[in-house]
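Now for the letters of each chain:
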Amino acid sequence: MNQDITVPPPSNSVHKPKLRPTLNSYFNKPTLFKAFFFCFLPFLISFFLIAYLNQSGKNSEMVLLAGFCNGSDIANVDSSESKSVPFQETRTGHACSTMGEPCISCTTFNILAPIYKRLDQQNQSVRESDFRAFWLARNKKIVNWLLYERSSIICLQEFWVGNEELVHMYEESLGAAGYDTFKLARTNNRGDGLLTAIHKEYFKVLNRRELFFNDFGDRVAQLLHVQSVAPFSINQNESVQQEIIIVNTHLLFPHDSSLSIVRLHQVYQILQYLETYQRENKLSQMPVILCGDWNGSKRGHVYKFLRSQGFVSSYDIAHEYTDSDADAHKWVSHRNHRGNICGVDFIWLRNPHNSQKLLKISWAEAAFGIIKYQLKKVSLAENDAFAFLRADSSGNHITYSAFCDALRQVNLTGLSHGLSFQETKDLWVQADADGNGVVDYEEFKRIWDATWLQHMDEDCSLEDLNEGIAEDEAIGFAVKKAVLFPHEVEKGIWPENYSLSDHARLTAVFSPVRLRCSKQSL
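In this report, the structure presented in the accompanying data block is examined. The model shown is predicted, which means the values in this text are computed figures rather than measured ones.

Points about the overall build of the protein chain
Right, so step 1: Looking only at helices and strands, one finds 13 helices and 21 strands in the protein chain.
Right, so step 2: For the protein chain, buried positions account for 49% of its 522 residues.
Right, so step 3: For the protein chain, restricting intrachain contacts to residue pairs at least 6 apart in sequence, the fraction spanning at least 24 positions comes to 73%.

Okay, structure coming up:
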């Protein structure tokens, strides 16, 4: 007889129903799941978290210049810009189109040479150049931003030409991205200088020149004559390869007001050279783009001098700001080593045939403006200023010797950076309108009351590019957009957490336009 045999459980055990395995059951034995949970899962979570944060930061920081020409809003830029932006292959940064309209972009940026970047305000001798990891990391971020934006034209100031490793990094990175690069060191081994990069997919360099101002600030400028690779279509049957002159420079820092004459003289030399270059090469007038750190604001003499010569500030045009003092502080682009914030970085544009005064007349007006400023600074009103200039003259007029002595007293002559003898003589000729050898009160008043030409009228009117071009037309550029980075500076605020440089980046986008006017050669 068969019987089921039941084996009773041990007396100390409790019978339980069979349950689904739990995490605890796996934790209590060495399984692959335990190894995965403890070792690999945290790594994966961290990876996805970092990727999310980087993407979030990238979305807030990246600004695509493609948006400039299609009317889309420009993304906000995280003012810290602390994350390294990886280069992403894109063809939209340096050229864009709206309904087939071509555009070019230009970026100017003073990248703050490590030899000037102070790391300890209590000990001014501690500079970033002494710490390779610091300057290398910061400049890699700058390069990544430049590669991402991919402007057609890049103009850098305070480029550390004295460091081969940094120079190689910029030249190799920009070269691999399709740029021709040109560097120029300041004179007397100052250590820094300029770097201009031209995207060769859009421009070919026809000629270049190096300008040395030979002043005590050892400042220089680069001039590049370029031609568009892709022709600009002006009608169904005709297109043109547009030529442009580009200038990159960094003017003297205004350590005191007497140095205003130096910066004015530097700009005067640039414009003189532009005239000479175009005349000697028998070139018709063409658009001119001046980029750089001008170390002077909208209220300064350089700004007014350039305006009198037909140049416009691309940023002010894009944002419809006037030349008035009321608009002078609506944006900033620099916080200097004294802690002052100001707007000193400009991309200037002058189209062919813009109305402009004779260069020598504009120079004289600018120089007289500085003289007037220096006299007003010591509280000399119009009558007092005339008496000061007249000095001990027996008549009611100013003599040449008294004029020269007055200029010396306001530190505009007699110094290595002051007005030369010939420049002083030229000013006197402008002041002595009737040529009788003295300046009477009416002649003085004409100089004192002279006002800057705030708005330049154009001899050329914009035309539709789809219309046929006539013999009296030329091609220039219209300002489409202009943006400062970080975005807070556009509101006149300098963000405390921005450390990429002590300057903001300025990028402007231009589109070709037809200018109806009479062609002429210089």
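Section: empty space enclosed by the protein
Right, so step 1: As enumerated under the stated definition, the model contains 4 cavities of 30 Å³ or more in all.
Right, so step 2: Considering only enclosed or pocket space, the largest cavity measures out at about 130 Å³ in volume.
Right, so step 3: Elements supplying a minimum of two residues to the lining of the largest cavity: α9 (359-377), α12 (421-431) and α13 (441-448).
Right, so step 4: Of all the elements, α9 adds the most residues to the lining of the largest cavity, at 4 residues.
Right, so step 5: Residues that form the lining of the largest cavity fall into these classes: 12 nonpolar, no polar and 1 charged.

Topic: a nonpolar patch on the surface
Right, so step 1: A grouping of Leu119, Phe131 and Phe134 is seen on the molecular surface, where their side chains present a nonpolar patch of about 280 Å² in accessible area.
Right, so step 2: Mapped onto the elements of the fold, Phe131 is located in the loop between β3 (104-110) and α4 (132-149).

Regarding the pattern of salt bridges
Pairs can form between side chains of opposite charge whenever their charged atoms are close.
Right, so step 1: In this structure the tally under the stated criterion is 15 salt bridges.
Right, so step 2: Glu128 serves as the salt-bridge partner of Arg138, at 2.7 Å between the closest nitrogen and oxygen. Of this pair, Arg138 sits in helix α4 while Glu128 is found in the loop between β3 and α4, placing the two residues 10 residues apart along the sequence.
Right, so step 3: Here Arg138 falls in the buried class, since its relative accessible area comes to 6%.
Right, so step 4: You can call Glu128 buried: its relative accessible area is 3%.
Right, so step 5: Counted as one network, the salt bridges with shared partners bring together Glu382, Lys445 and Asp449.

Quick notes on the state of the cysteines
Right, so step 1: Per the counting criterion, the structure on display carries 0 disulfides.
Right, so step 2: The thiol of Cys155 is unpaired, and the distance to the nearest cysteine sulfur, on Cys291, comes to 3.9 Å.

Remarks on the pairing of strand β11 (residues 243-250)
Right, so step 1: The buried fraction of β11 amounts to 7 of the 8 residues, a majority that puts the element mostly inside the structure.
Right, so step 2: Alignment of strand β8 (residues 220-228) against β11, held across 7 bridges, turns out to be antiparallel. When the sheet's bridge partners are listed, His225 is paired in β11 with Ile245.
Right, so step 3: Pairing analysis gives 6 bridges linking β11 to strand β12 (residues 288-293), with the strands arranged parallel. Opposite Ile246, over in β12, you have Ile289 as the bridge partner.

Here's the deal with helix α6 (residues 260-280)
Right, so step 1: Over its 21 residues, α6 runs 30 Å from end to end, which matches the ideal 30 Å to within 8%, given 1.5 Å per residue.
Right, so step 2: Just beyond α6, the residue with positive phi is Lys282, at close to 50 degrees.

Remarks on the packing of helix α7 (residues 301-308) against α9
Right, so step 1: At their nearest, the axes of α7 and α9 sit 10 Å apart, and the two run at 155 degrees to each other. By the angle between their directions, the pair α7 and α9 is classed as roughly antiparallel. Classified by chirality, the crossing of α9 by α7 is right-handed. Listed contacts from α9 to His301, Phe305 and Ser308 of α7 are Leu359, Ser362, Trp363, Ala366, Gly369, Ile370 and Tyr373.
Right, so step 2: Class assignment for the residues of the contact of α7 with α9 results in 6 nonpolar, 4 polar and no charged.

A look at the layout of surface pockets
Right, so step 1: The computed volume of the second largest pocket comes to approximately 840 Å³.
Right, so step 2: Grouping the amino acids of the lining of the second largest pocket by side-chain chemistry returns 7 nonpolar, 13 polar and 12 charged.

Re the environment of Phe203
Right, so step 1: Structurally, Phe203 is set in strand β7 (residues 203-212).
Right, so step 2: In this structure, the C-alpha to C-alpha distance between Phe203 and His225, residues 22 residues apart in sequence, is 9.8 Å.
Right, so step 3: Excluding residues that lie within four positions of it along the chain, Phe203 makes contacts with Ile104, Ser152, Ile153, Ile198, Val226, Gln227, Ser228, Val229 and Ile244.

Quick word on α12
For an α-helix, the turn length of 3.6 residues means that residues three or four places apart are oriented alike.
Right, so step 1: Of all the positions in α12, only Glu423, Thr424, Leu427, Trp428 and Ala431 are classed as buried. Buried residues in α12, looked at end-on, bunch into an arc of 140 degrees, giving them a common side. Facing away from the buried surface of α12 by more than 90 degrees, the exposed residues are Phe421 and Val429.
Right, so step 2: Tucked into the core, α12 has its buried residues touching α6, α9, β17 (397-398), α11 (400-409), β18 (439-440) and α13.

What counts, and at which threshold
Residues numbered from 1 in each chain as written. Predicted model: local features only at pLDDT ≥ 70, side-chain atom pairs only at ≥ 80, totals over all residues. Heavy atoms only, no water. Helix = DSSP H or I, 4+ residues; strand = E, 2+ residues; numbered from the N terminus. Buried < 20%, exposed > 50% of the residue type's maximum accessible area, 1.4 Å probe, protein only. Contact = heavy atoms within 4.5 Å. 1 Å grid on protein atoms, 1.4 Å probe; cavity = no way out; pocket = protein on both sides within 12 Å on 5 of 7 lines; lining within 4 Å. Points joined across faces, edges and corners; volume = space filled by probe spheres on them. Nonpolar A, V, L, I, M, F, W, Y, C, P; charged D, E, K, R; others polar. Patch = residues over 30% accessible without salt bridge, like charges linked within 9 Å, V, L, I, M, F, W, Y side chains within 5 Å. Areas by Shrake-Rupley, 256 points an atom, 1.4 Å probe, with all protein chains shown as cover. Salt bridge = Lys/Arg side-chain N within 4 Å of Asp/Glu carboxyl O. Disulfide = S-S within 2.5 Å. Pairing = 2+ DSSP bridges. Expected span 1.5 Å × (residues − 1). Axes fitted to C-alpha atoms, helices over the stretch in contact; angles between N-to-C directions. Parallel < 35°, antiparallel > 145°, perpendicular 65-115°, else oblique. Left-handed = near helix turned anticlockwise from the far one by under 90°. Arc of directions from axis to C-beta.

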